[in-house]
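# Observations on the three-dimensional arrangement
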Amino acid sequence: MKAVVQDRYGPPETLALADVDPPAPAADEVLVRVEAAALNAYDWHVMRGDPRLARLALGRSGPRARIRGRDFAGVVDAVGAHVTQLRPGDAVFGDLGEANGAFAEYVCIPEHLAAPKPTNLTPQQAAALPLAGITALMGLSDVGQVEPGHRVLINGASGGVGTLAVQLAKALGASVTGVCSTRNVDLVRSLGADHVVDYTRSDFTRGSRRHDVVLDLVGNRSLTALRRALTPTGTLVLSGGGVYRGGSLVGPVWLITRGRLLAPFVRHRIAILTTAPSRTHLDTLRNHAEAGRLTPVIDRSYPLHEVPQALRYLEVEHARAKVVITV
């Protein structure tokens, strides 16, 4: 089968389309013929081995997982002996997690991490949901504990996670403020944001509006500044992302580390967002999508052999919403 592989850290040119052996499903796995995949900030972080501290977990000289990509949507081609809920021909979507492998014609995934695809979404839209959607959902619901009537601010509202977070926060009954650049103001407003802050013109940390939850998806503000945007008992949720700026030793980990150290000593709740593939969260995302409350926004689509160009665009160009791959 065709797959996008990588043997050493580096720029998008280190990725290559190659012939590899197709995977075979284990007893608890399903084999999926991939129709679409999606890019995330995670993908360029792994591709670059950036921040360099992350290489302790990813691999010293190159990523241990040779095939890139996490998010996919496709059709079940075969199932393992112990699979009970999925059958060949089922349309599914999911997140392969740290195993990677979505930029390929076929993937294997444990049955409990694949979910039926939302019936009203295309494969490209469905592929755009898993990692970004789970990140947004966990940041708002599980960690941020957003309730109806809460005021929520999303820093990075026009990105892959942010565009989904705006819609999910509205679905949770919150009043939403989205922070983005000038060119994305109309997009964020169209997703349901009650207020939109153009960060090129205004500093949301200096404004008069205070929020019950601030979901920071950018990591470009200090903890002191972010806390200024909170109510006295508000919650700051820290996540990663960003764009490539030449490499770093610790990247957003430094802000997150400072958040962990400061949390016990301040009145605000500072929470660190960590995510993992989850069938429960995939089912929740599907329900929101099928109810019309959640629609992924696609910025650009590339064919499988142009994954390097897609990653180049994602890592340096401040992509709007999601970038997807058609297989």
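Here is a short report on the structure shown in this document.

For the rest of this paragraph, the subject is the packing of aromatic side chains. All chains considered together, the criterion is met by zero aromatic pairs. The residue whose ring lies beneath Arg70 is Tyr42, and the NZ or CZ to ring-centre distance is 4.4 Å.

The next point concerns the sheet that holds strand β8 (residues 151–155). Read across the open sheet, the six strands follow the order β10-β9-β8-β11-β12-β13; overall the sheet is parallel. Every interior strand has two partners, whereas the edge strands, β10 (195–198) and β13 (269–272), have only one. For this sheet, the mean angle separating the axes of adjacent strands, direction not counted, is 15 degrees. Bridge count for β8 against strand β11 (residues 211–216) is four bridges, and the pairing is parallel. Looking across to β11, one finds that Leu153 is bridged to Val214.

Despite not being glycine, Asn100 shows a phi value in the positive range, around 60 degrees. Among the structural elements, Asn100 can be located in the loop between β5 (91–95) and β6 (106–110). Relative accessible area serves as the criterion here: at 8%, Asn100 is assigned to the buried category. Despite not being glycine, Ala321 has its phi angle at roughly 55 degrees, a positive value. Relative to the helices and strands, Ala321 is located in the loop between α10 (307–316) and β15 (322–326).

With respect to the secondary-structure elements, Glu29 resides in strand β3 (residues 29–38). Despite being buried, Glu29 has no salt bridge partner; Arg279 is the closest side chain of opposite charge, sitting 14 Å away. Separated by 2.9 Å, the side chain of Glu29 and the backbone nitrogen of Ala26 make a polar contact. If we ignore the near neighbours within four places in the chain, the residues touching Glu29 are Ala24, Val79, Gly80, Val83, Cys108, Ile109, Pro110 and Glu111.

The end-to-end C-alpha distance of helix α9 (residues 279–290), which contains twelve residues, comes to 16 Å, matching closely the 16 Å that a straight helix rising 1.5 Å per residue would cover. Buried residues in α9 make contact with β5, β7 (114–116), α4 (130–143) and α5 (160–171). Where α9 begins, the side chain of Ser278 points an oxygen toward the backbone nitrogen of Thr280, at a separation of 3.3 Å.

A separate point is the environment of Thr280. Of note, Thr280 is situated in helix α9. For Thr280, a relative accessible area of 56% corresponds to the exposed category. For the pair Thr280 and Leu113, spaced 167 residues apart in the sequence, the C-alpha separation amounts to 8.8 Å.

Another point: the environment of Arg286. Mapped onto the secondary structure, Arg286 falls in helix α9. Taking the C-alpha atoms as reference, Arg286 lies 29 Å from Gly234; in sequence the two are 52 residues apart. Residues contacting Arg286, with those up to four places away along its chain left out, are Phe93, Ala115, Pro116, Lys117 and Pro118.

Reading guide: rules and limits
- Residues numbered from 1 in each chain as written.
- Predicted model: local features only at pLDDT ≥ 70, side-chain atom pairs only at ≥ 80, totals over all residues.
- Heavy atoms only, no water.
- Phe/Tyr/Trp six-rings, centres within 6.5 Å; stacked < 30°, edge-to-face > 60°.
- Lys NZ or Arg CZ within 6 Å of the ring centre and 35° of its normal.
- Pairing = 2+ DSSP bridges.
- Helix = DSSP H or I, 4+ residues; strand = E, 2+ residues; numbered from the N terminus.
- Axes fitted to C-alpha atoms, helices over the stretch in contact; angles between N-to-C directions.
- Buried < 20%, exposed > 50% of the residue type's maximum accessible area, 1.4 Å probe, protein only.
- Lys, Arg positive; Asp, Glu negative; His and termini not counted.
- Salt bridge = Lys/Arg side-chain N within 4 Å of Asp/Glu carboxyl O.
- Polar contact = N/O pair within 3.5 Å; in protein donor to acceptor, adjacent residues only side chain to side chain.
- Contact = heavy atoms within 4.5 Å.
- Expected span 1.5 Å × (residues − 1).

Structural measurements only, silent on function.
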